[in-house]
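Each chain is listed here by its residues.
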Amino acid sequence: MLSVIQNRREQGYRTTPYPKEPINLYSRYRGLPTVHQDCDKALARQCAEACPQQAIDVERMVIDIGRCTFCGQCEIQSQGKLVTFSNNFELGASSREALFTSGTLPALAEHSKQHFKSLFGRSLQLRQISAGGCNSCEADTNVLGTPFFDLQRFGIDFVASPRHADGIHVTGPISNNMKAAVLSTYEAVPAPKVVIASGCCPISGGPFWGSKDIVGDLNSLIPVDLYIPGCPPHPMTTLHALLQFFK
Amino acid sequence: MDNLLQIQNGQAVSRADIPDLDFPLFQQTVLDVTRHSGFVVQFFAYEDEQSTLKLIAVLRSGQMLYVTGCSLADEYPSFTPHCEKFHMFEREIAEQFGVRPTDHPWLKMVRYHENCRGKEDIFGNDYSQDIPGNYPYFTVDGEAIHEVAVGPVHAGIIEPGHFRFQCAGEKVFSLEIQLGYQHRGAEKLLEQAGQPLNRLPVIAESIAGDTAIGHSLCHSQAIEALAGLTVNDGAKIVRTIALELERIANHIGDLGALSGDVAFNPPMAYFGRIRGEFLNLTLTMAGNRFGKGLVRPGGIAFPVLAEHRQILRNKIADETPGIAHVCELLFSAHTVLARFEQTGTVPRHIAEKLGLVGYAGRASGLPYDARITFPTEAYNQVTINNNKKTVGDVFSRASVRREEVKRSLQIIPELLAKEINAEPVAVPASYSLAPDSFVVTINEAWRGEVSHCLLTDKDGSILRYKIKDPSFHNWTGLAMSLRNQGISDFPLCNKSFNLSYCGFDL
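### What to know about the domain arrangement of chain A
Residues and elements named next belong to chain A.
Part 1: Each domain of chain A was delimited in the assignment, giving domain 1 (33-89 + 98-105) and domain 2 (109-246).
Part 2: Using C-alpha coordinates to define each centre, domain 1 is positioned 25 Å away from domain 2.
Part 3: Contacts between domain 1 and domain 2 engage 8 residues on the former and 13 residues on the latter.
Part 4: Its residues assigned to classes, the side of domain 1 that touches domain 2 comprises 5 nonpolar, 2 polar and 1 charged.

As structure tokens, then:
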């Protein structure tokens, strides 16, 4: 018992005061990118070709953060002339189109479906489905339950049964072998229900785009309400998106 | 030993130098090694340029690494009745290429997908139908017997898989694990002809995201060997540090989760938070909490400067005493020990037969650690501990991980004290890979031996990309650990292995 108390003293209180106080991630974290509109077209095309995800559209001068894995190669190769990554982790969006960005995203709170706020603002229970995920999205969703983030203090929790859930939170590119399980879990959630696509995989196939063994786009199966980009999304990205969209 | 070519970890050889034996001689040679002290690193098939099916075996025995090969017919006498280490590899080959190992005692599908040669399916599956397909589960008959089916969607934030228990009351007679739900076609995607090679590191990092560094090291080392790229010493040190950070973060997270599984909450809360600190240290170097983007063929993509090294040093110094204290709290609580000890035991002879690797193998008395046996990167500059807790139960697996965390916390400052001049490398869109070559890379990631194997054709295109995650060996170990256990001990046993679904399913 004594060692329990000693450890408790040593560990202290570690929960982040966010969202009352802002939180700054370390400068090297790659968050919302800016596409510099004045970049030389030849250089832009060269960097766009080098993008492993083919996420840069040179004609529109936007980057698709629903495809991007935030590997940072475009910034390195253009020496920051085409793309620079900020450490802004606020990446959530309510439409697929909004993810084609040159550096700004619509304010998520204003684009949320208002009935979701009244239905789920005080209590949101989610069923997580990993559908071909590499376990980094899953792991960085799981950490929201640790003392630093303490997701439950906002009335948000992940539950075991879809029958107890208000919606599903899907990670992974929807492997063909998980398609049926995703659909039946979705069916089992009582309406009205929300669908969250987390990470670039369920948005665009992520690193596995082009594979014949995946569906690659959750929205082609069921309507997605909230997109959370990243590879994986930083836990703060997920926390911010959930709070903005539902609170 | 003319029938085996001795090779080095991460060094390319010409495909022509790999012995091409008659099948009976191949089988005899391979079984001679593996029935005694040898283990299977890779065992896979590929189609060569003439569409001839070939079989490759990469074996390790002591400090030695060997490769040998043969041609493969559509049917061959199975290796598994003579040596169990091949059982999953043979099932995988049957599924991928439509080849039947006759007399295989457990010939069932692995991941549920069509074979790549358009051959009749070995398992009688119709792939227009959804998984599970034609999968005859092992059943036990009797009035007192009941069956428990769990998954693919589990209660929690965890990857999908199906578990089938045969129980009498609380006691589990048999657990069968059917995976495949996470199959994304990773190997095929890596092989796809004509794709720009710059996609490869991004795919490799997502084979198993919790082992992003382990898999991207294997990938990068293989490309470096084939493209003739050299990595400077500073980058090697950074890559070693990244792999050790990955090990610490995962081990600590799992020690906390094990504590949670036996309802002892304080260590779960503390380790949950501390794990995050180590992910954040990886972010300090890589810009990503799992290290994605850091390791690229030729070195590292971002510089690790004095500022970053100072953050690492300070944070590790800050957290080390707390980790030791929380470990002490966890490992001295008798409620914890009562649940950890004598639970989920895999005795040494079973572990050896199955070829378990990583902490699961070491906890059962198999000392193999690729950091010692086949050192890559900067591992020849550090000493690795070897744990003596070898009962093979949950307590052993947890203790091995506690000791590894302790040692890794020392290794990182030792490496940081060395000179690190690592210029970041830019990733070219394409490398020219040596033609007609073969390379195998091995690294000890946190779960154990990760291995990638590449073969190139006469133009230097990738002919075959074979991935092996340690989970490929160890899932059967988890099934064995449940024999005669209470079914309520399953979560504890499962977490003590904490295997990868996506790393297995590819």
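### Brief notes about the pairing of strand β4 (residues 39-47) of chain B
Residues and elements named next belong to chain B.
Part 1: Among the 9 residues of β4, 7 are classified as buried, and the element is accordingly described as predominantly covered.
Part 2: In the sheet, β4 pairs with strand β5 (residues 53-61) via 8 bridges, with the strands oriented antiparallel. Note on β5: the bridge partner recorded for F39 is R60.
Part 3: Two successive antiparallel strands, β4 and β5, enclose a turn made up of 5 residues, where S51 displays a positive phi of approximately 60 degrees.

### Overview of the packing of helix α6 (residues 233-261) of chain B against helix α13 (residues 394-416) of chain B
Residue and element names in this part refer to chain B.
Part 1: Orientation of α6 relative to α13, taken along the N-to-C sense of each, is 150 degrees, at an axis distance of 9 Å. As the angle between them shows, α6 and α13 are arranged roughly antiparallel. In the crossing of α6 with α13, the sense of the turn from one axis to the other is left-handed. From α6, I237, T240, I241, E244, R247, I248, H251, I252, D254, L255 and L258 reach across to α13, where they touch A398, R401, R402, E404, V405, S408, L409, I411, I412 and L415.
Part 2: Residue composition of the contact of α6 with α13, grouped by class: 12 nonpolar, 3 polar and 6 charged.

### Observations regarding the packing of helix α1 (residues 2-11) of chain A against helix α8 (residues 306-332) of chain B
Part 1: Running from N to C, α1 of chain A and α8 of chain B cross one another at 155 degrees; their axes reach a closest spacing of 10 Å. By the angle between their axes, α1 of chain A is roughly antiparallel relative to α8 of chain B. By crossing handedness, the relation of α1 of chain A to α8 of chain B is classed as left-handed. Counting all contacts with α1 of chain A, which are made through S3, V4, N7, E10 and Q11 of chain A, the residues of α8 of chain B involved are G322, H325, V326, E328 and L329 of chain B.
Part 2: When its residues are assigned to classes, the contact of α1 of chain A with α8 of chain B shows 3 nonpolar, 5 polar and 2 charged.

### Looking at the sheet that holds strand β11 (residues 171-178) of chain B
Two pairing modes exist for strands in a sheet, parallel and antiparallel, and in both the strands are linked by backbone hydrogen bonds.
Residues and elements named next belong to chain B.
Part 1: Judged by pairing direction, the sheet is antiparallel, and its 3 strands sit side by side in the order β9-β10-β11 without closing on themselves. Strands at the two margins of the open sheet, each flanked by one partner only, are β9 (145-150) and β11. Mean inter-strand twist for the sheet, computed between neighbouring axes without regard to direction, equals 20 degrees.
Part 2: Here strand β10 (residues 162-168) runs beside β11; their pairing, made up of 7 bridges, is antiparallel. What sits directly across from Q166, in β11, is S174.

### Topic: the interface of chain A and chain B
Part 1: The interface of chain A with chain B comprises 58 residues on the first partner and 55 residues on the second.
Part 2: At the level of elements, α1, α2 (41-50), α3 (73-77), β6 (124-130), α6 (136-142) and α7 (176-188) of chain A are the ones that each hand at least two residues to the side of chain A that touches chain B.

### Concerning the pairing of strand β8 (residues 167-171) of chain A
Residues and elements named next belong to chain A.
Part 1: Within β8, 5 of the 5 residues are buried, leaving the element largely enclosed by the surrounding structure.
Part 2: Side chains G167, H169 and T171 project from β8 onto one buried face, and the interleaved I168 and V170 project onto a second face that is buried too.
Part 3: Of the strand pairs in this sheet, β6 and β8 are connected by 5 bridges, and their pairing is parallel. Its bridge partner lying in β8, S130 is registered against T171.
Part 4: Pairing between β8 and strand β9 (residues 194-198): 5 bridges, direction parallel. Looking across to β9, one finds that H169 is bridged to I196.

### Thoughts on the nonpolar core
Part 1: Judged by nonpolar contacts, the single largest core of 225 residues is most densely connected at A57, V238, A242 and I252 of chain B.
Part 2: Inspection of this core shows a minimum of three residues originating in each of domain 1 (33-89 + 98-105) and domain 2 (109-246) of chain A.
Part 3: Leave out the neighbours within four places in its chain, and A242 of chain B touches I213, T282, M285, G291, L294 and V295 of chain B.

### Side note on the confidence of the model for chain B
Part 1: Across chain B, pLDDT averages 93, with 98% of residues at or above 70.
Part 2: Interface confidence for the predicted complex, expressed as ipTM, amounts to 0.94; the pTM equals 0.94.

### Looking at the sheet that holds β9 of chain A
Residue and element names in this part refer to chain A.
Part 1: Taken in spatial order, the 5 strands make up an open sheet running β7-β6-β8-β9-β10, and their pairing is parallel. Only two strands of the sheet have a single partner each, and these edge strands are β7 (156-158) and β10 (226-228). Going from strand to strand, the sheet's axes swing by 25 degrees on average, the running direction of each strand aside.
Part 2: Across the face of the sheet, helix α9 (residues 235-246) comes into contact with β6, β7, β9 and β10 while running at roughly 160 degrees to β10.

### Remarks on the environment of S220 of chain B
All names here are of chain B.
Part 1: Following the sequence through the fold, S220 ends up in helix α5 (residues 212-227).
Part 2: Judged by local crowding, S220 falls into the buried class, with 27 C-beta atoms found within 10 Å.
Part 3: Separated by 75 residues in sequence, S220 and V295 place their C-alpha atoms 7.2 Å apart.
Part 4: For S220, the residues in contact, after removing those within four places along its chain, are P201, V295, R296 and P297.

### Some thoughts on α5 of chain B
All names here are of chain B.
Part 1: For α5, spanning 16 residues, the distance from its first C-alpha to its last is 22 Å, which sits close to the expected 22 Å at 1.5 Å a residue.
Part 2: In terms of burial, α5 is a largely internal element, 15 of the 16 residues being buried.
Part 3: Note on α5: the residue one or two positions beyond its end, G228, has a positive phi of about 70 degrees.

Procedures and definitions
Residues numbered from 1 in each chain as written. Chains lettered and ligands numbered in written order. Predicted model: local features only at pLDDT ≥ 70, side-chain atom pairs only at ≥ 80, totals over all residues. Domains from an automatic or database assignment. Contact = placed C-beta atoms within 7 Å. Nonpolar A, V, L, I, M, F, W, Y, C, P; charged D, E, K, R; others polar. Buried ≥ 20, exposed ≤ 12 C-beta atoms within 10 Å, placed from the backbone. Helix = DSSP H or I, 4+ residues; strand = E, 2+ residues; numbered from the N terminus. Pairing = 2+ DSSP bridges. Axes fitted to C-alpha atoms, helices over the stretch in contact; angles between N-to-C directions. Parallel < 35°, antiparallel > 145°, perpendicular 65-115°, else oblique. Left-handed = near helix turned anticlockwise from the far one by under 90°. Core = buried A, V, L, I, M, F, W, Y, C linked by C-beta atoms within 7 Å. pLDDT = per-residue confidence, 0-100. Expected span 1.5 Å × (residues − 1).

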